Amino acid sequence: MKTSRAWTLLGASLLSLAGALLMPGCVREVQPTPANSEKATAFIGVNVVPMDTERVLEDHTVIVRNGLITSLGPSATITVPADAERIDGKGRYLMPGLADFHVHLHSEEQLLSYLAYGVTSLFELDGSREHLELGARLKGNEDVGPTLYTSSPLLDGGPPGGKVVSVRTPEQARVAVVKQKNAGYEALKVYDNITPEVYATLVAMARQQRIPVVGHVPRKVGVEAVLRSRQALISHGEEYFHSGARDEAGIAALARATKEAGTSVVPDLVHIDTALRMLTDLEGVFADPEARYLSPEVIRNWRFSNPTRRVDVATYAERERAAYPFVQHLTLALQKEGVRLLLGSNASDAGLFPGKSTQLELAELVKAGLSPYEALSAGTRNAGSFITEHVDSTARFGTVAVGQRADLLLLPGNPLEDVSQANRALGVMVRGQWLPREWLQKKREKTAEAFSKR
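What this report covers is the structure whose coordinates are included nearby. Only a predicted model underlies this, so the values are computations on that prediction, with no experimental measurement involved.

What follows concerns the overall build of the protein. Of regular secondary structure, the protein possesses 14 helices and 17 strands. Radius of gyration (C-alpha) of the protein: 21 Å, near the 22 Å computed for a compact globule of 454 residues. Seen through its C-alpha atoms, the protein measures out along the principal axes to roughly 65 × 50 × 40 Å. Long-range contacts, defined here as pairs at least 24 residues apart, represent 72% of the contacts in the protein between residues at least 6 apart.

To continue, consider the pattern of salt bridges. Side-chain pairs of opposite charge can arise where the charged atoms are in close proximity. Going through the model one piece at a time under the given rule, you end up with 23 salt bridges. Where Glu108 meets Arg137, a salt bridge forms, and the shortest distance between an N and an O atom there is 3.2 Å. You can see Glu108 sitting in the loop between strand 6 (98-103) and helix 1 (110-116) and its partner Arg137 sitting in helix 2 (residues 129-139), a full 29 residues away along the chain. Overall, the relative accessible area of 12% leaves Glu108 in the buried class. For Asp312, the salt bridge identified is with Arg310, shortest N-O distance 2.9 Å. Take Asp312: its relative accessible area is 26%, and that puts it in the partly exposed class.

Within the open sheet, the 6 strands sit side by side as 10-9-11-12-13-14. Their pairing is parallel. Strands with a single pairing partner mark the edges of an open sheet, and in this sheet they are strand 10 (165-166) and strand 14 (264-266). Sheet topology places strand 11 (residues 188-190) next to strand 12 (residues 213-215); 3 bridges connect them, and they run parallel. The residue bridging Val190 from the neighbouring strand is Gly215, located in strand 12.

The subject of this paragraph is unusual backbone geometry. Cis geometry is adopted by the peptide bond preceding Ser348, which originates at Ala347 and carries an omega value of 5°. If you trace the backbone, Ser348 turns up in the loop between helix 10 (313-337) and helix 11 (356-367). Positive phi values are uncommon outside glycine, yet Asn66 reaches one of about 55°. You can see Asn66 is positioned in the loop between strand 2 (57-65) and strand 3 (68-74). Although it is not a glycine, Arg431 sits at a positive phi angle of roughly 50°. When you line up the elements, Arg431 lands in the loop between strand 16 (427-430) and strand 17 (433-436).

As a further point, take the environment of Val203. Here Val203 shows up in helix 4 (residues 196-209). Looking at Val203, the relative accessible area reads 7%, which means it is buried. Here the alpha-carbon distance between Val203 and Glu85, two residues 118 residues apart in the chain, equals 48 Å. Not counting residues within four places of it along the chain, the set of residues in contact with Val203 comprises Val213 and Ser229.

Let us now look at the packing of helix 7 (residues 251-261) against helix 10. Interaxial distance between helix 7 and helix 10 falls to 9 Å at its minimum, and their mutual angle equals 45°. Overall, the two elements helix 7 and helix 10 adopt an arrangement that is oblique. For helix 7 against helix 10, the interelement crossing comes out right-handed. Together, Ile251, Leu254, Ala255, Arg256, Thr258 and Lys259 of helix 7 and Phe326, His329, Leu330, Ala333, Leu334 and Glu337 of helix 10 make up the contact between the two elements.

Right, let's talk about helix 4 for a bit. The end-to-end C-alpha separation of helix 4 is 20 Å, in line with the 20 Å expected for 14 residues at 1.5 Å each. Every buried residue of helix 4 is accounted for by Val198, Tyr199, Thr201, Leu202, Val203, Met205 and Ala206. Directly beyond the C-terminal end of helix 4, a positive phi value near 60° is found at Arg210.

Across the sheet, which stays open at both edges, the 3 strands sit in the order 6-7-8 with parallel pairing between neighbours. Each of the sheet's edge strands pairs with one partner strand only, and the pair in question is strand 6 and strand 8 (147-150). Ignoring strand direction, the axes of neighbouring strands in this sheet form an average angle of 20°. Two elements, strand 7 (residues 119-124) and strand 8, share 4 bridges in a ladder whose sense is parallel.

Alignment of strand 1 (residues 41-48) against strand 2, held across 5 bridges, turns out to be antiparallel. In the sheet register, Ala42 faces strand 2, and the bridge partner there is Ile63. Where strand 2 and strand 3 come together, 6 bridges link them in antiparallel fashion. Counted as the bridge partner of Thr61 is Gly73 from strand 3. Joining the antiparallel neighbours strand 2 and strand 3 is a turn of 2 residues, in which Asn66 adopts a positive phi near 55°.

Grouped together as the largest cluster of nonpolar side chains are 84 residues, with contacts concentrated most on Leu202, Tyr240 and Leu376. The dominant element in this core, judged by the number of residues it contributes, is helix 10, at 7 residues.

A few words now on the packing of helix 8 (residues 269-286) against helix 9 (residues 296-305). At a minimum axis distance of 12 Å, the contact between helix 8 and helix 9 shows a crossing angle of 170°. Here helix 8 lies roughly antiparallel to helix 9, going by the angle between them. Facing helix 8, whose interface residues are Leu282, Glu283 and Phe286, helix 9 presents Ile299, Trp302 and Arg303. For the contact of helix 8 with helix 9, the per-class residue count stands at 4 nonpolar, no polar and 2 charged.

Rules used in this analysis
- Residues numbered from 1 in each chain as written.
- Predicted model: local features only at pLDDT ≥ 70, side-chain atom pairs only at ≥ 80, totals over all residues.
- Heavy atoms only, no water.
- Helix = DSSP H or I, 4+ residues; strand = E, 2+ residues; numbered from the N terminus.
- Rg over C-alpha atoms; globule rule 2.2 N^0.38 Å.
- Contact = heavy atoms within 4.5 Å.
- Salt bridge = Lys/Arg side-chain N within 4 Å of Asp/Glu carboxyl O.
- Buried < 20%, exposed > 50% of the residue type's maximum accessible area, 1.4 Å probe, protein only.
- Pairing = 2+ DSSP bridges.
- Axes fitted to C-alpha atoms, helices over the stretch in contact; angles between N-to-C directions.
- Parallel < 35°, antiparallel > 145°, perpendicular 65-115°, else oblique.
- Left-handed = near helix turned anticlockwise from the far one by under 90°.
- Expected span 1.5 Å × (residues − 1).
- Core = buried A, V, L, I, M, F, W, Y, C linked by side-chain atoms within 4.5 Å.
- Nonpolar A, V, L, I, M, F, W, Y, C, P; charged D, E, K, R; others polar.

Below, the structure is given as structure tokens:
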């Protein structure tokens with residue numbers, strides 16, 4: 001279910017200074033810092049959760065300049081530059097920002113919601129020219145928001161329609177791969193109805209063009225063939241279930257095959273859970289306070305694109321109830337086998353609120369049996385390694401280390417003990433720009449107020 005791209009403007013400039021976070025020991029309000037500023041920002045005396053291994057570096061100081069982490073070490077050994085903006089980290093925890101690698105960004109105001117929930121990187125899996133343009137502005141710090149990676153529009157085997165790219169013959173597949181690569185997309189998104197012959201041609205051409213293939217498991221291709229092709233990413237975990245692999249006795253073999261293929265997986269458990277909740281309490285889902293921060297166009301679209309509007313609603317409900325425990329067990333098996341899991345929510349498809357759904361997916365991963373460190377890895381170090389391997393070999397993010405992109409969350413407690421701490425950020429740093437929680441919330445309230453008048 002895809003909602004329409006209702007691109008809207010945020011109104012007031014996101015770069016204006018507003019709100020503040022009072023830090024212990026400070027006598028003045030800490031304002032947002034400029035992006036890529038030559039002036040340093042220093043997190044002083046903080047407990048660092050680097051996410052390279054499961055550990056905490058107590059009482060460290062982290063220096064950021066020009067969007068990168070330039071120094072990190074025990075506080076007694078680090079000289080804080082005289083010009084630095086000082087942020088007191090005593091008793092607090094600093095971890096990498098989260099990445100949501102399955103989103104459908106339907107309007108630009110959603111960027112604020114992702115930041116407010118600690119998400120500093122996004123992968124749009126049904127891209128458009130608008131997404132590419134927005135991604136360029138974000139990477140250039142012309143706008144404030146998470147770094148945005150963008151796949152091609154859906155490549156599917158049906159007739160042309162909307163923005164879907166029809167690939168019904170091998171020749172169409174070859175042309176589509178080159179065209180999407182030349183357009184600037186960072187991955188090719190495959191969908192449900194591609195034939196085996198076309199899929200094989202598409203994957204071969206993508207390998208030649210050095211662009212990763214991500215997305216669904218085409219129904220006529222099947223998960224075994226997709227894994228043999230070494231598709232870079234399967235999103236959702238439910239794709240295994242849809243392809244007919246529904247016997248839980250086969251989960252261990254599927255996990256081994258996924259590991260051998262080097263394929264990464266976005267479980268997307270929150271997508272299934274939310275669909276089931278909408279089937280039993282649609283108005284309860286729509287009454288979420290987060291609805292205030294979505295454009296009226298998106299909310300209206302949700303009214304027509306939620307699961308209760310399906311013609312096969314009874315069959316769908318039965319299938320989703322069966323899929324949920326299967327994907328839970330598959331997720332744990334994939335983790336145990338060493339498959340690279342990636343955090344993804346499918347927001348903002350119906351019922352999936354930007355940012356909040358990312359945090360809910362973290363909780364779903366823990367519920368499936370992952371440790372907090374393993375769940376957090378899916379949204380930090382694993383995301384960074386995926387981009388470095390498949391998209392941009394120069395990208396460095398997902399851990400707290402010298403030379404890494406300064407995407408950081410300042411938390412009141414240890415997320416390795418309680419993953420929900422990642423949902424309590426006192427402030428977010430994205431590409432070196434420090435955004436206090438209060439500043440982000442005031443911006444979101446202005447957005448909500450503007451939407452209420454439309």
